Amino acid sequence: KGKTVGYWPPAFITLLGERSCANVSGKRHRSLRRILEPAFAPEALRDYFQVLDGVVQEALSGWSSSKDKPVFISSLEFKMLSMKLVFSAAFGQIEEKIAIQ
C-alpha cells in the first residue's frame, strides 16, 4: 500500500498539537480516531447541527432587525459568528451576556 503524507501549515500544527490525530499516522492515528469517533457519530452531529442552526438563526435575526447599527461591518460580524459557532459546538449554546463579560 502507498502512504499518503498530509501537509498542514506550521501554525495549524501548533494549534492542533504535533501529536494530534490530524498530525500523526499509523497506530497512533487509528487509536485517536477510535477515541474521537463517537463525537462524529450521526446522533452527535445532529445535536451539534441543532445548536449551530440556533446560533446562525439568532445572528440572521439580529442582522435583519438591527436598526441601531447604520453600518454592517461584515468582517467583524462574521468573525464573531465564527467564534460563537466554535464555542457552541465545543461547549453547547452559551448566553451571549455571559460571553461578553
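Right above here is the structure, for reference.
Summary of the structure given here. Since we're looking at a predicted model, the values are computed, not measured.

**Overview of the overall build of the chain**
And then number 1: What the chain contains, in helices and strands, is five helices and zero strands.
And then number 2: Moving toward the C terminus, one meets the helices and strands of the chain in the order α-α-α-α-α.
And then number 3: Looking at the chain residue by residue over its 101 residues, the buried ones come to 10%.
And then number 4: When the accessible surface of the chain is split by element, carbon and sulfur atoms take 62% of a total near 8,700 Å².

**A look at helix H3 (residues 42-64)**
And then number 1: Between the first and last C-alpha of H3 there are 32 Å, a value that for 23 residues agrees with the 33 Å anticipated at 1.5 Å per step.
And then number 2: What H3 keeps buried is the set Ala-44, Val-55 and Ala-59.

**Some remarks on the environment of Gly-54**
And then number 1: On the secondary structure map, Gly-54 appears in helix H3.
And then number 2: A relative accessible area of 26% means that Gly-54 is categorised as partly exposed.
And then number 3: Spatially, the C-alpha atoms of Gly-54 and Leu-85 are 9.7 Å apart, while their sequence positions differ by 31 residues.

Cut-offs applied
Residues numbered from 1 in each chain as written. Predicted model: local features only at pLDDT ≥ 70, side-chain atom pairs only at ≥ 80, totals over all residues. Heavy atoms only, no water. Helix = DSSP H or I, 4+ residues; strand = E, 2+ residues; numbered from the N terminus. Buried < 20%, exposed > 50% of the residue type's maximum accessible area, 1.4 Å probe, protein only. Areas by Shrake-Rupley, 256 points an atom, 1.4 Å probe, with all protein chains shown as cover. Expected span 1.5 Å × (residues − 1).

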